[in-house]
Amino acid sequence: MSEPTSLSRASVAVAGEACESCAVFRAARLKKLGVQVGRADFVVALAGNPNTGKSTVFNALTGLRQHTGNWPGKTVTRAEGAFEYNGRRYKLVDLPGTYSLLSASPDEQVARDFLLFGQPDVTVVVADATRLERNLNLVLQVLEITDRAVLCVNLLDEAERHGIQVDTRQLARDLGIPVVGTAARRGRGLPELLQAIEDVATGRVRCRPFRLPEPPPALRGAIEDLVSRLQRIYPGLPNARWVAVRLLAGDESILNAIRSGELAALSRSGQTSGTGVSAAAAATGPT
Ligand SMILES: Nc1nc2c(ncn2[C@@H]2O[C@H](COP(=O)(O)OP(=O)(O)OP(=O)(O)O)[C@@H](O)[C@H]2O)c(=O)[nH]1
Ligand SMILES: [Mg+2]
């Protein structure tokens, strides 16, 4: 996060002295693997509000051609692709846009279920730099359920056109995770994004995510009690605490997942492949 600007890195490469910290060198370390996911060293999820450029980032890193366009709700199911970076293979999962992990529309549930139960190694939240405040709602929710996240502040070119400047360094300090500014349609910032993903995936950078204050003791006791019951009934269930909180809030979709046996299936499978409560996986090929 305290690296030189992409301009200074690029100038080093132009001078013909590519070094391991320069952006052009790092971009050259990217191999787009398309649908050839195979055995991946790390699984990376792309989450974010609708229309923030998730599929644009996905396409740029995998070489695939997920549907993109300037209206929300284009991606309705999960798409998977792969890339290799610095010799490590990454499975990249493009998710439908969602405003909140509490949302209940079918495509938003696909995103929610993968983030909660798919256990990605890194969650990249792609945010719209022109609507940062609204986008941070999902970022804070994601930070409640994972220690390994990167914030990609995309559409920086649009923000600049409107005179908006984003202080990514301050954001990184406040959120406790790497924050990278991008204009993904033109590839700007993607070398830095790749580096941040690698840093978090390999543990080179340890996140200290901002968390909301603990609930009052009475509620905390109820949550802990429910968590231990859930863990007894559903051993291996990821994010049992989140499930407990949603049950206490009377979340119908979680109650239905219990009644239908979906939650039991999740805890049995461990969900490393991330099928999700209601998600149908969609491998997307070049179109
Ligand atoms: N100006 C500009 N446009 C961008 C950038 N990144 C993506 N876009 C455009 O923004 C629109 C939305 O991009 P998508 O990649 O489809 O967004 P998404 O987040 O996958 O959208 P949903 O799947 O509907 O949630 C498209 O028209 C992209 O070309 C960027 O950095 N700058
Ligand atoms: Mg999309």
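Residues numbered from 1 in each chain as written. Chains lettered and ligands numbered in written order. Predicted model: local features only at pLDDT ≥ 70, side-chain atom pairs only at ≥ 80, totals over all residues.

The protein chain has the name Iron transporter FeoB in an unreviewed UniProt entry, where Limisphaera ngatamarikiensis is given as its organism.

A. Main features of the overall build of the protein chain. Summing up its helical and strand segments, the protein chain has 12 helices and eight strands in all. Restricting the contact set of the protein chain to residue pairs at least 6 apart, pairs at least 24 apart contribute 67%. (Helix = DSSP H or I, 4+ residues; strand = E, 2+ residues; numbered from the N terminus. Contact = placed C-beta atoms within 7 Å.)

B. View of helix H8 (residues 190-202). Helix length check: H8, at 13 residues, gives a terminal C-alpha distance of 18 Å against a target of 18 Å (1.5 Å per residue), a fit within 8%. Burial analysis of H8 places 11 of its 13 residues in the buried class, which makes it a mostly covered element. Turning to H8, its buried residues are Leu 190, Pro 191, Glu 192, Leu 193, Leu 194, Gln 195, Ala 196, Ile 197, Glu 198, Val 200 and Ala 201. Once H8 finishes, Gly 203 follows within two positions and takes phi at roughly 85°, a positive value. (Expected span 1.5 Å × (residues − 1). Buried ≥ 20, exposed ≤ 12 C-beta atoms within 10 Å, placed from the backbone.)

C. Here's a closer look at the site of ligand 1. The full set close to ligand 1 counts 24 residues, and Gly 53, Ser 55, Thr 68, Thr 75 and Gly 97 are the nearest of them. Every element with two or more residues in the shell around ligand 1 is listed here: helix H3 (54-62) and helix H6 (156-161). Sort the elements by how many residues they give to the shell around ligand 1 and H3 lands first, with three residues. (Near = placed C-beta within 6 Å.)

D. Expanded view of the UniProt feature "domain: FeoB-type G" (unreviewed entry) in the protein chain. Residues given the UniProt feature "domain: FeoB-type G" (unreviewed entry) here are residues 41-203. The distance from the first to the last C-alpha atom of residues 41-203 is 13 Å, and the span holds 38% helix and 23% strand. (UniProt positions renumbered as here; feature names shortened; annotations may be inferred.)

E. Spotlight on the nonpolar core. By size, the foremost hydrophobic cluster in this structure holds 66 residues, and its most contacted members are Leu 46, Val 124, Val 125, Val 150, Leu 151, Cys 152 and Ile 197. Among the elements that line this core, the one with the most residues is H8, at seven residues. Residue-level mapping places this core at the junction of two domains, with at least three residues from each of domain 1 (30-210) and domain 2 (217-269). When residues no more than four places from it in sequence are discounted, the contact partners of Ile 197 are Val 44, Val 122, Val 124 and Val 150. (Core = buried A, V, L, I, M, F, W, Y, C linked by C-beta atoms within 7 Å. Domains from an automatic or database assignment.)

F. Geometry of the domain arrangement of the protein chain. Under the domain assignment, the protein chain is made up of domain 1 (30-210) and domain 2 (217-269). Averaged C-alpha coordinates put domain 1 and domain 2 at centres separated by 27 Å. Across the boundary between the two partners, domain 1 contributes six residues, which contact five residues of domain 2. Broken down by element, the side of domain 1 that touches domain 2 gets its largest block of residues, three residues, from helix H4 (residues 106-117). Tallied by class, the residues present in the side of domain 1 that touches domain 2 amount to four nonpolar, two polar and no charged. (Nonpolar A, V, L, I, M, F, W, Y, C, P; charged D, E, K, R; others polar.)

G. Representation of the confidence of the model for the protein chain in the model. Predicted confidence across the protein chain gives a mean pLDDT of 85, with 84% of residues reaching 70 or more. In this model residues 1-18 is a low-confidence stretch, pLDDT under 50, and it forms 23 contacts with partners more than four residues away in sequence or in other chains. Across residues 271-287, where pLDDT falls below 50, the model places 49 contacts with residues more than four positions away in sequence or in other chains. For this predicted complex, the interface confidence comes out at an ipTM of 0.99, alongside a pTM of 0.84. (pLDDT = per-residue confidence, 0-100.)

H. Main features of the packing of helix H9 (residues 217-233) against helix H10 (residues 240-248). Where H9 meets H10, the axes come as close as 9 Å, and the angle between the chain directions of the two elements is 120°. With respect to H10, the element H9 is oriented oblique. The two elements H9 and H10 meet at a crossing, and its hand is right-handed. Seen from H9, the contacting residues are Ala 222, Ile 223, Leu 226, Val 227, Leu 230 and Gln 231; seen from H10, they are Ala 240, Arg 241, Val 243, Ala 244, Val 245, Leu 247 and Leu 248. Partitioned by chemical class, the residues of the contact of H9 with H10 number 11 nonpolar, one polar and one charged. (Axes fitted to C-alpha atoms, helices over the stretch in contact; angles between N-to-C directions. Parallel < 35°, antiparallel > 145°, perpendicular 65-115°, else oblique. Left-handed = near helix turned anticlockwise from the far one by under 90°.)

I. Expanded view of the environment of Leu 230. Among the structural elements, Leu 230 can be located in helix H9. Sequence separation of Leu 230 and Leu 263 is 33 residues, and the distance between their C-alpha atoms is 10.0 Å. Sequence-distant contacts of Leu 230, defined by excluding residues within four places in its chain, comprise Leu 237, Ala 240, Val 243 and Ala 244.

J. Quick look at the environment of Gly 38. Considering the arrangement of structural elements, one finds Gly 38 in the loop between strand E1 (30-34) and strand E2 (42-47). Along the primary structure Gly 38 and Lys 91 are separated by 53 residues, whereas in three dimensions their C-alpha atoms are 8.5 Å apart.

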